[in-house]
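# An overview of the molecular structure
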Amino acid sequence: MEGRKTISGFSKLNKRGKIKWIVENFFKDPEVVMRELMSYWLKNEEQQKILDGFSENTISVFPMPFSVAPNFVINDKDYCVPMVIEESSVVAAASSAAKYWMKRGGFTARVIDVMKLGQLHFNFNGQPDRIQLILTKYEAYFKKNLKPYTENMEARGGGIMDFKLRTFEVEPDYFQVMISFNTCDSMGANFINTILEEFAVLLESKIHSEFDGLYEYRTIMCILSNYTPDCVVEAYASCPVADLGPLAGGIKPEEFADKFAQAIRIAEIDPYRATTHNKGIFNGIDSVVIATGNDFRAIESGGHTYAAKDGQYRSLSHCEVKDGIFKFWLTVPLALGTVGGLTKLHPVARRSLEMLGNPGAEELMQIVASVGLAQNFAAVRSLVTTGIQRGHMKMHLSNVLNQLKATEKEFKMAVEHFSNEIVSHRSVKDFIDALRSQRMN
Ligand code: MEV
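Residues numbered from 1 in each chain as written. Predicted model: local features only at pLDDT ≥ 70, side-chain atom pairs only at ≥ 80, totals over all residues. Heavy atoms only, no water.

Attention now moves to the pattern of salt bridges. Under the definition given, this model contains 16 salt bridges. Here Glu139 and Lys143 are joined by a salt bridge, their closest N and O atoms 3.2 Å apart. One end of the pair, Glu139, and the other, Lys143, are both in helix H6 (residues 139-145), four residues apart, so they sit about a helical turn from each other. Glu139 sits in the partly exposed class, given a relative accessible area of 29%. A relative accessible area of 29% places Lys143 in the partly exposed class. Notably, a salt bridge pairs Asp295 with Arg297, separated by 3.4 Å at the nearest N-O pair. What makes Asp295 partly exposed here is its relative accessible area of 30%. (Salt bridge = Lys/Arg side-chain N within 4 Å of Asp/Glu carboxyl O. Helix = DSSP H or I, 4+ residues; strand = E, 2+ residues; numbered from the N terminus. Buried < 20%, exposed > 50% of the residue type's maximum accessible area, 1.4 Å probe, protein only.)

Below, the structure is given as structure tokens:
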């Protein structure tokens with residue numbers, strides 16, 4: 001239609017052609033924008049090709065900071081943790097919490113279980129016991145016929161663990177078979193989805209042959225579940241209350257422990273606070289999940305469901321102060337992989353994993369949970385001592401100074417000036433403008 005900015009065959013255009021169409025239709029300065037978007041293309045053409053292959057309609061690269069948080073001691077092992085995040089202060093906070101706990105024994109983490117789940121959803125017009133009969137009678141048959149898809153995983157110690165029938169009163173002709181999997185070091189999405197689709201065919205044929213066409217069966221869908229309450233890791237940090245100091249603002253360790261524990265209890269009882277509290281945990285978790293080429297949306301959605309597992313959304317972390325000991329812990333589902341997917345394909349994700357010593361999935365779960373806990377500790381520590389804005393504003397100041405293209409000297413003077421002043425875009429701009437006009441006169 002005339003005047004519309006739509007196109008058919010966009011995906012067939014090459015990268016330059018796609019950008020050209022976009023800049024000509026949606027930008028005021030087509031040539032400038034085209035040059036700019038192309039300037040982000042990787043110099044290494046092979047790597048750019050790999051990135052292009054991750055998604056459709058790729059036109060450029062969206063740069064994000066690749067940072068590290070050193071000094072993480074987890075189960076007595078030292079890590080320098082890669083983090084990809086755009087939010088000011090997150091990496092600084094993780095690093096500071098890592099260093100704090102490094103001096104107090106570090107983090108301890110353990111994997112509770114590694115079970116992943118997939119669901120076959122279907123319609124069936126018989127009683128549940130008819131399906132149960134098929135599942136029980138033919139379990140060995142199903143496993144044998146799925147062998148071509150499972151044998152590699154079985155050789156690594158994984159595979160199909162269990163079949164479970166689920167029914168829902170409110171949806172009478174709807175049934176579900178939930179299958180549990182151990183996918184070893186891979187996240188396992190393709191493995192699980194392939195098996196589910198093959199299983200659906202096997203189940204349907206057995207239903208027809210066993211009951212001689214008496215019942216109707218219809219596959220609705222086959223897909224893994226991102227809620228993995230049995231793929232869970234726990235991380236904790238603990239020390240005598242007396243060892244918690246020194247703390248910013250001159251607050252005493254006993255008072256800090258008391259306020260901190262109360263802040264956690266508030267997040268356990270109030271979903272409004274719990275959401276922000278858990279967001280802080282996912283600041284840490286997501287950064288490492290992204291840096292290691294894992295699926296942060298899967299991790300987020302599973303984590304939030306877990307946080308609401310008893311019917312109310314609650315804090316994922318908990319704290320106890322008992323007999324003079326402070327203990328702070330996090331329990332979270334983390335369905336991560338260290339083989340397959342992007343983990344080895346993405347050039348930087350590969351280096352992230354190398355930086356972590358090429359961990360297996362379980363070790364990565366322990367690292368990620370510890371970073372989530374560290375992040376949460378740093379946030380709540382700031383909240384109950386100095387307030388969060390002090391740290392944030394430091395980073396905000398440097399972002400504004402960068403925007404204003406401040407020189408090294410201006411940077412130094414601004415940092416000194418704003419150590420006791422309120423930082424806002426306007427106040428920083430006024431300060432820099434004043435400095436520059438003084439120099440002119
Ligand atoms: C900001 O990204 C995260 C915090 O809001 C987390 C929290 O409030 O616990 C600081």
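Moving on: a negative patch on the surface. Among the surface-exposed residues, Asp113, Asp185, Asp230 and Glu362 lie close enough to one another that they form a single negatively charged patch. Mapped onto the elements, Asp113 comes out in strand E3 (residues 108-114). (Patch = residues over 30% accessible without salt bridge, like charges linked within 9 Å, V, L, I, M, F, W, Y side chains within 5 Å. Areas by Shrake-Rupley, 256 points an atom, 1.4 Å probe, with all protein chains shown as cover. Lys, Arg positive; Asp, Glu negative; His and termini not counted. Charge placed at Lys NZ, Arg CZ, Asp CG, Glu CD.)

Before going further, it helps to spend a moment on the site of the ligand. Around the ligand sit Glu87, Arg273, Thr276, His277, Lys279, Gly280, Asn283, Ala379, Leu383 and Ile388, and those are all the residues in its vicinity. At 2.9 Å from an oxygen atom of the ligand is found a side-chain nitrogen or oxygen belonging to Asn283. Contact with the protein chains covers 86% of the free accessible surface of the ligand, which is 300 Å². Of all the secondary structure elements, the ones that give two or more residues to the shell around the ligand are helix H10 (271-291) and helix H13 (361-384). Counting residues per element, the shell around the ligand draws most heavily on H10, which supplies six residues. For the shell around the ligand, the class distribution of residues is three nonpolar, four polar and three charged. (Near = heavy atom within 4 Å. Polar contact = N/O pair within 3.5 Å; in protein donor to acceptor, adjacent residues only side chain to side chain. Nonpolar A, V, L, I, M, F, W, Y, C, P; charged D, E, K, R; others polar.)

Entries for the protein chain in the domain assignment read domain 1 (14-52), domain 2 (66-113 + 229-386), domain 3 (116-225) and domain 4 (392-440). Here domain 1 and domain 4 have C-alpha centroids that lie 34 Å from each other. (Domains from an automatic or database assignment.)

So, about the nonpolar core. The biggest cluster of nonpolar side chains holds 67 residues, and the ones touching the most others in it are Phe72, Phe326 and Leu334. When residues in this core are grouped by element, the largest group, twelve residues, is from H13. Setting aside residues no more than four positions away along its own chain, Phe72 makes contact with Lys77, Asp78, Tyr79, Val81, Ala94, Ala98, Phe107, Ser370, Val371 and Ala374. By size, the runner-up hydrophobic cluster in this structure holds 31 residues, among which are Ile131, Met153, Phe175 and Leu203. (Core = buried A, V, L, I, M, F, W, Y, C linked by side-chain atoms within 4.5 Å. Contact = heavy atoms within 4.5 Å.)

To continue, consider helix H9 (residues 253-269). Within an α-helix, residues lying three or four positions from one another point in the same direction, as the helix has 3.6 residues per turn. Taking 1.5 Å per residue, 17 residues should reach 24 Å; H9 reaches 24 Å between its end C-alpha atoms and fits that length. By the burial criterion, the buried members of H9 are Pro253, Phe256, Ala257, Phe260, Ala261, Ala263, Ile264, Ala267 and Glu268. Taken around the axis of H9, the buried residues stretch over an arc of 155 degrees, which confines them to a single face. Across from the buried face of H9, at angles greater than 90 degrees, the exposed residues are Asp258 and Ile269. In this structure, the buried residues of H9 make contact with H10, strand E9 (317-322), strand E10 (325-333) and H13. (Expected span 1.5 Å × (residues − 1). Arc of directions from axis to C-beta.)

Turning to the environment of Ser315, a few remarks are in order. Position of Ser315 relative to the elements: it lies in the loop between helix H11 (296-307) and E9. Ser315 sits in the buried class, given a relative accessible area of 4%. Spatially, the C-alpha atoms of Ser315 and Phe256 are 19 Å apart, while their sequence positions differ by 59 residues. Those residues in contact with Ser315, other than ones at most four positions away along the chain, are Ile264, Ala267, Glu268, Ala274, His277 and Asn278. One polar contact links Ser315 to His277, side chain to side chain, over a distance of 3.1 Å.

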